[in-house]
Amino acid sequence: MQKFIDWIKQPFKPVQPLTPGLYHYQSPPEDPLNYRLHLRVEPNGSSLLVINAATVLHLNQTATEYAYHIVQQTPHDDAVKAIRSRYQVSTEEIERDFTDLIDQINNLILTQDLDPVTHLDMERQAPYTQEVSAPYRLDCALTYQLGENNAPESAPHKRVDRELTTQEWKQVLQKAWQAGIPHVLFTGGEPTLRTDLVELLQYAEELGQVSGILTDGLKLGDTKYLKSLLDAGLDHTMVILQPSKENSWESLANFSYWSQTLDEDIFVAAHLTLTEDNKENFNTLIDKLAETDISAISISANDKRFSEQLADAQNHAYAKDLELIWDIPVPYSSINPISLELEQADDEVVAEGTGRGWLYVEPDGDVLPGQGINHVLGNLLTDDWQTIWDAAKAFRTS
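Read on for a plain summary of the structure. Keep in mind it's a predicted model, so treat the numbers as computed, not measured.

Before going further, it helps to examine the pattern of salt bridges. Following the criterion strictly, the structure yields 13 salt bridges and no others. The shortest N-O distance in the salt bridge between Lys279 and Glu276 comes to 2.9 Å. Assessed through its relative accessible area of 42%, Glu276 is described here as partly exposed. By sharing partners, the salt bridges in this structure join Arg36, Glu205 and Asp235 into a single network.

Right, dumping it as structure tokens:
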């Protein structure tokens, strides 16, 4: 009798979550979709699925089960059997849900310039609403050095007294990967001024990390240099457009051209800063960007007085079918000395994902909750990861 009662109770017991960890899949070169998936399974069974560094899906436990088998390339019949053994659902329902998720992932792979967070029909977790084992992204300011014609005061040089060496940055990347952070962004300052940028991209690629750069784009006009970044494994970039400089537009066009000629999907976005000098023709600049091959844009302003016009510009971008990116840090430069987002940090109003969805690493290895929030959580070169992450949790709850 007791065995029968135990059997009756079995279907109603909570399903034990999958083993937490970071799983990734890179399709072979002959696959026409040529895509990359990163799945980070959390202790509570939910997960984060990153598709080609362009789309982030926050999945609940059930959807995670399906995504896990997709990433692990489990034979279909074996995957259905495994899910059927864990959940009290019919084989037909599993087959239908499995097919739906695969179809939607394929659609996301084929669709260019998606929002960083995309909704699926399957139930998903809202981003930043629960505790996670590690951030989704690490923003690495390789240098606070700036390109020509940029005012020195546009970057916080006084905050750091040295830059990490190539080997030290590799230690940072390795520590981030071991912590389960699947996505790194190289920013600054101007990251292309670091002569080891290609080497760092290659190292991130070897680890399996999705990598991107945030740059003024001026060096991307050099086709040989641009090709070296792409060959090193660069997954995406945001070009900080300097609209008054023709070579800035040429670099953006050059990058778009090369990204389209390669087999792998390169996510290209552009950033515009609303200033006193361009406020009268800002929407015209958006129109010009809409005529290029990019379909994603980030917008900020260097003065809170432009808040209303900034909102109008965002609506104009939507009308031009340009997707808006809101959670990528803009490199310090003369065209963006203080964005509205950074000014908000002074008022203790910070973006929802700050200190949880992402962390910001300064050129000397100090870790901040986000760019412009001058609260040091520790140093990734000298402190262990758990100490830094515990400090981030304390910051979020303070």
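A separate point is the packing of aromatic side chains. For the coordinates displayed, the defined rule picks out four aromatic pairs. Seen from their ring centres, Tyr25 and Tyr35 are 5.7 Å apart, and the 55° between their planes marks the pair as tilted. Pair noted here: Tyr25 is in strand S1 (residues 21-26) and Tyr35 is in the loop between S1 and strand S2 (36-41), with a separation of ten residues, a long-range link. Residue classification places Tyr35 among the buried residues on the basis of a relative accessible area of 10%. Ring centres 5.6 Å apart and planes at 15° place the aromatic pair Trp385 and Trp389 in the stacked group. Within this pair, Trp385 and its partner Trp389 are both found in helix H12 (residues 385-397), separated by four residues, close to a single helical turn. The pair formed by Trp385 and Trp389 is uniform in burial state, with each residue classed as buried. Residue placement shows Lys219 over the ring face of Tyr225; its charged tip is 4.3 Å from the ring centre.

Now for H12. Taking 1.5 Å as the rise per residue, H12 with 13 residues should run 18 Å; its terminal C-alpha atoms sit 19 Å apart, in good agreement. The set of residues buried in H12 consists of Trp385, Ile388, Trp389, Ala392, Phe395 and Arg396. One face of H12 carries all of its buried residues, which in axial projection span an arc of 110°. Of the surrounding elements, those touching the buried residues of H12 are helix H5 (166-179), strand S12 (358-361), strand S13 (366-368) and strand S14 (378-379). Looking at where H12 begins, the residue whose side-chain oxygen comes 3.2 Å from the main-chain nitrogen of Gln386 is Asp384.

The next thing to look at is the sheet that holds S13. Spatial ordering of the open sheet is given by S11-S10-S9-S8-S7-S6-S5-S12-S13-S14, a layout of ten strands whose pairing is mixed. The two strands at the open ends of the sheet, each matched to only one other strand, are strand S11 (323-324) and S14. Bridge count between S13 and S14: two bridges; the pairing is antiparallel. Bridging across to S14, Val367 finds its partner in Gly378. Set on the sheet, H5 makes contact with strand S5 (137-141), strand S6 (183-187) and S12; between it and S5 the angle comes to about 170°.

Reading the values: the criteria
Each chain carries its own residue numbering, running from 1 in the direction its sequence is written. Residues qualify for local features only when their pLDDT is at least 70, as the model is predicted, and side-chain atom pairs are given and counted only at 80 or more; totals for whole chains, interfaces and linings, by contrast, use all residues. Only hydrogens and water are removed before side-chain values are computed, so all heavy atoms of the structure are retained for them. Definition used for salt bridges: Asp or Glu carboxyl oxygen within 4 Å of a side-chain nitrogen of Lys or Arg. Here the term buried applies to any residue with accessible area under 20% of the maximum for its type, exposed to any over 50%, and partly exposed to those in between, with areas from a 1.4 Å probe on protein chains only. Two rings from Phe, Tyr or Trp (for Trp, the six-membered ring) form a pair when their centres sit within 6.5 Å of each other. Planes less than 30 degrees apart are called stacked, planes more than 60 degrees apart edge-to-face, and all others tilted. Where helices and strands are cited, they refer to DSSP runs of H or I of at least four residues and of E of at least two residues respectively, numbered from the N terminus. Whether a charge sits over a ring comes down to the Lys NZ or Arg CZ being within 6 Å of the ring centre and within 35 degrees of the ring normal. Expected helix span is computed as 1.5 Å times (number of residues minus one). Think of the arc as the fan of directions from the helix axis to the C-beta atoms. Only heavy atoms matter for contacts: two residues are in contact if any of them lie within 4.5 Å across the pair. Side-chain atoms alone can form a polar contact between residues adjacent in sequence; in general such a contact is a pair of N or O atoms within 3.5 Å, and within protein one must be able to donate a hydrogen while the other accepts it. One requirement defines pairing of two strands: DSSP has to find at least two bridges between them. Between the N-to-C directions of two axes lies an angle of 0 to 180 degrees, each axis being a line fitted to C-alpha atoms and, for a helix, fitted only over the stretch in contact.

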